[in-house]
Amino acid sequence: MGGLRTFLVLTFMAAATSSAAPDAGFDQGVDVRPAIATAREAAGMTGRRLASSPERADDAVWISVSNADVAALKGEFDFSRRVPVSQNSLVSIFEVTVAELDALSDIMHHRLRKCGGFFAHPTLRAAKADMAEPPLAMARAYEIDQRETVVPMLKLVDEAAITETIKRLAAFKNRYYRSETGAASARWLRDYWQELSKGRPDITVELFRHGGWAQESVILTVRGKAEPGKVVVLGGHLDSIAGWGGGDNVAPGADDDASGIAVLTESARVIVASGYKPGSTVKFIAYAAEEAGLRGSREIADNFKQNGVAVQGVLQFDMTNYRGSADDIYLIADNVSEAQNAFLGKLIAAYTDYRVGTTKCGYACSDHASWTRNGYSASLPFEAKFDEDNPNIHTANDTLAQSGGNSLHAFKFAKVAVAYLVEMGK
Ligand code: BES
Ligand code: ZN
C-alpha cells in the first residue's frame, strides 16, 4: 500500500476553478482562491500531488471511524490486523489507500448493515483535527412567519418533475466519483440546472472541482437580494456506488441519492416558477464523492469555513423516496443541530400534515456531518427509520421501480425544502 506515494511538491490552486467559468471564484463576489491556497497549505495539504493530477488508487488517505464500528467489524476490512495511527476514546484513525475506500463503504453497508460510516481525510493532520469535538454551532432565532410566500410556492411542487430528474440521473451506468460516467453526470446536472434557471440573472450554476478525482460537485446559487453574505445551504450527493467494482458496476442510485438531487432540483425549479427572490443567498449543492467518506462535502464545507462564509443552516437530502416506516419524515438525531431539528419539526407542522419521527444514523452517515464538524447547523430529514430504509441501496437494484415508479415520498421532502429555504432565507 502506498508504494507510489512519490510526493510531488506543489501548491493546491485548482480547488475553486470551474470548467464552466474558469475565472470566477465559485462564491460570487469573493475570490476565494488565494484563501484556499493558504488554507490548504495550513492544513498540511502541500507535499502531496498536483491538484491537476488526479490521485491514484494507491495514494494514501486517512480515515476516521468510530471505535464502536471498528469493534463491530473486527475481522472485516482486516481491522484486526490494522494498527490505528491515532486513537481516542471514540474514534480511531487508519491510513488506507484510495482504492480501499470502496471496500470499506461496501462493508459498512452489507456486513455491518447499520448506518455508520467514516470520514476520509486528505492528510493525517486533518484526520487528527477530526478527533476533537466539533465546535458548537452558533445559536440563532428561528421564526415561522412567511406563510404568504410559502403556501403558494408549495402548490407548485410537482411530483412528475421529481420523477423526471430521478429517471435522468438513474440512467447513467453509475455516478461513481472516479468514473467517466460519474464526471459526465456532474456536467449533465450543471446543464440541467442552468437550463431551469434561464432568465434569472441572480442565479448562477457552477462546478466545484475536486483535484483528486474526476467527478465535480455542482453548485446552484441564488444570490440574496438583501444580505447576500448570509448563505443557506441545501445539499444532497450526486455520486452513486454499488459494491467494489467502481466504474465497472451498474449503480443507478435512484434513491441513494438521485432522490435527494431531485428534491434540490424541484425546489430550485419552484423558486424560478414562483419568481421568488430570497433575502439571503441560497445555495443548492450536489456533492461529489459522498460514498467514499464524505470527500466532496468535506472539501466544500472546509472551504466555506476557511473563508468565513456565514452559513445560516444546512439541510441534507440523502434518500427521500422509499417509504419504509409508518411516519412520513424521520429527522436524524445524531451529528446534527438539535435547535435546527426542533425548528424543522415546527416548520413541517406549520406547512404540512406529515407525521414526523426521529431516528439515528451513525458516526458519519452523510454530508451533513461535514458541516456539523465545521460548527455549522445541519439536519437530515430521512425517508424512514434507519433500519427500515431502502434495502436496495448500493446495488444495481436501487431503481425507481422500488418506489413504485413514482416520487410521492420525495414530494414531501421537496415541500420541506421549499418551506425551509423561504423561512431561512428571508
Ligand atoms: N445514503 C447513505 C446513508 C444512509 C444509509 C443513511 C442507510 C441511512 C440508512 C449514504 O450514502 C451512505 O452510504 N453512507 C455511508 C457512509 C459514508 C461515509 C461511506 C454509510 O452509511 O455507511
Ligand atoms: Zn446516500
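Quick notes on the rules
Residues numbered from 1 in each chain as written. Chains lettered and ligands numbered in written order. Predicted model: local features only at pLDDT ≥ 70, side-chain atom pairs only at ≥ 80, totals over all residues. Heavy atoms only, no water. Pairing = 2+ DSSP bridges. Helix = DSSP H or I, 4+ residues; strand = E, 2+ residues; numbered from the N terminus. Contact = heavy atoms within 4.5 Å. Axes fitted to C-alpha atoms, helices over the stretch in contact; angles between N-to-C directions. Core = buried A, V, L, I, M, F, W, Y, C linked by side-chain atoms within 4.5 Å. Buried < 20%, exposed > 50% of the residue type's maximum accessible area, 1.4 Å probe, protein only. Phe/Tyr/Trp six-rings, centres within 6.5 Å; stacked < 30°, edge-to-face > 60°. Disulfide = S-S within 2.5 Å. Near = heavy atom within 4 Å. Polar contact = N/O pair within 3.5 Å; in protein donor to acceptor, adjacent residues only side chain to side chain. Areas by Shrake-Rupley, 256 points an atom, 1.4 Å probe, with all protein chains shown as cover.

Take the sheet that holds strand S6 (residues 217-222) next. Read across the sheet, 6 strands follow the order S5-S6-S8-S7-S9-S12 without closing on themselves; strand pairing throughout is mixed. Looking at strand neighbours, the two that pair on one side only are strand S5 (203-208) and strand S12 (378-379), the edges of this open sheet. Those strands touched by helix H12 (residues 408-424) are strand S7 (227-237), strand S8 (280-287) and strand S9 (310-316), and its axis lies near 160 degrees from that of S7.

Take the nonpolar core next. Counting residues in hydrophobic clusters, the biggest one holds 58 residues, and the most contacted among them are Leu189, Trp193, Val218, Leu234, Phe284 and Tyr420. Residues in contact with Tyr420, not counting those within four places in the same chain, are Val232, Val233, Leu234, Gly313, Val314, Leu315, Gln340, Phe343, Leu344, Leu347 and Gly425. The next biggest cluster of nonpolar side chains, apart from the first, holds 24 residues, and it includes Val65, Phe79, Val96 and Leu101.

This part takes up the packing of aromatic side chains. Two aromatic rings are characterised by how far apart their centres lie and by the angle between their planes. Taken as a whole and assessed by the stated rule, the structure comprises 11 aromatic pairs. Between Phe119 and Tyr363, the ring centres sit 6.1 Å apart and the planes meet at 85 degrees, which makes this aromatic pair edge-to-face. Of this pair, Phe119 sits in strand S4 (residues 118-121) while Tyr363 sits in the loop between strand S11 (356-359) and helix H11 (368-372), and the two are 244 residues apart along the sequence. Residue Phe119 is classed as buried on the basis of its relative accessible area of 3%. Accessibility expressed as a relative area gives 17% for Tyr363, which makes it buried. A connected cluster of aromatic rings, assembled from ring pairs, spans Phe77, Phe79 and Phe94.

Our next topic: the state of the cysteines. Across all of its chains, the model carries 1 disulfide by this definition. Disulfide pairing places Cys361 opposite Cys365 at an S-S distance of 1.6 Å. Each member of the pair, Cys361 together with Cys365, is buried.

Turning our attention to the site of ligand 1. Around ligand 1, the surrounding shell holds 20 residues, and the nearest of these are His109, Glu290, Glu291, Asp318 and Cys365. A distance of 2.8 Å separates an oxygen atom of ligand 1 from a polar side-chain atom of Glu290. The side chain of Glu291 places a nitrogen or oxygen atom 2.9 Å from an oxygen atom of ligand 1. Protein contacts shield 99% of the accessible area of ligand 1, which totals 510 Å² for the unbound molecule.

Topologically, Tyr176 is positioned in the loop between helix H6 (159-170) and helix H7 (180-196). With 71 residues separating them along the chain, Tyr176 and Gly247 place their C-alpha atoms 5.9 Å apart. Residues contacting Tyr176, with those up to four places away along its chain left out, are Asp102, Gly182, Ser240, Ile241, Gly246 and Gly247.

That's the geometry; what it means functionally is another story.
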